[in-house]
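In case you want the letters, here they are:
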Amino acid sequence: MILIGENGDWEQEPPIHTKSNLAAHQVTGLQPFTVYSFRVIAVNKLGHSPPSKESYYFVTLREAPKGKPVTTIAHNTSATSVYISWKAPPPESILGEFLGYRITYRPRDHHTDDVKEIYIRDSAVEVLFRFC
């Protein structure tokens, strides 16, 4: 039995049935950066045992975000700067601790060697930057 989150419901997830009497099993298909706990129930042809004591809580590893920001506003503010604003990706698509944003830009029709980057270590969604 799997419990998702610290306040989850044991009946929320379907049980995992193993095909042997080995006292170990690797559970796959879990969500990244999610809190889980487990209980084990012994099963035979006549029924099942009471569940084991709940395991300690643990968090699965992080992954790169699956969601992407969506640009909502982009306009000139001067001859050398542009204002951009975007909608943040859905929180459930971040799959780890949110660190901020990375903005890349380059002049149109230039080589990829001309790419510049700006790192924003904040969740603010509005940016004004000047072209260098």
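The coordinates are above.
Summary of the structure given here. (Residues numbered from 1 in each chain as written. Predicted model: local features only at pLDDT ≥ 70, side-chain atom pairs only at ≥ 80, totals over all residues. Heavy atoms only, no water.)

1. Some remarks on the side chain of T34
As a reminder, the rule being used: Numbered from the N terminus, helices here are DSSP runs of H or I no shorter than four residues, and strands are runs of E no shorter than two. Distance and chemistry together define a polar contact, namely a pair of N or O atoms within 3.5 Å, with one atom able to donate a hydrogen and the other to accept it when in protein, and with adjacent residues in sequence counting only for side-chain atoms on both sides.
As for its placement among the helices and strands, T34 is situated in the loop between β1 (2–4) and β2 (35–38). Within the local environment of T34, its side chain forms a polar contact with the backbone oxygen of Q31, the two atoms lying 3.3 Å apart.

2. Examining unusual backbone geometry
What counts is decided by this rule: The rule is simple: take the accessible area with a 1.4 Å probe, protein chains only, and divide by the maximum for that residue type; under 20% is buried, over 50% is exposed, in between is partly exposed.
Backbone geometry places F33, a non-glycine residue, at a positive phi of 50°. Mapped onto the elements, F33 comes out in the loop between β1 and β2. Relative accessible area serves as the criterion here: at 32%, F33 is assigned to the partly exposed category. Located in the positive-phi region is L95, a residue other than glycine, with phi close to 60°. The residue L95 is located in the loop between β7 (81–87) and β8 (101–105) in this model. For L95, a relative accessible area of 11% translates into the label buried.

3. Some details on the nonpolar core
Short version of the rule: For this analysis, a nonpolar core means a set of buried residues of the types Ala, Val, Leu, Ile, Met, Phe, Trp, Tyr and Cys, connected via side-chain atoms within 4.5 Å.
Judged by nonpolar contacts, V82, I84, W86, Y101, I103 and I120 together constitute the single largest core of six residues. Elements with a minimum of two residues in this core: β7 and β8. At three residues, the largest contribution of residues to this core is made by β7.

4. Notes on the pattern of salt bridges
Inclusion rule: One side-chain nitrogen of Lys or Arg within 4 Å of one carboxyl oxygen of Asp or Glu is enough to make a salt bridge.
With the rule as written, the count across this model stands at three salt bridges. In this structure, the salt-bridge partner of E97 is R62, at a minimum N-O distance of 2.5 Å. Placement of E97 in the loop between β7 and β8 and of R62 in the loop between β5 (58–59) and β6 (70–78) is noted, with a sequence separation of 35 residues between them. Across the pair E63 and K66 runs a salt bridge, and its minimum N-O distance is 3.6 Å. On the accessibility criterion, E63 (42% relative accessible area) is partly exposed.

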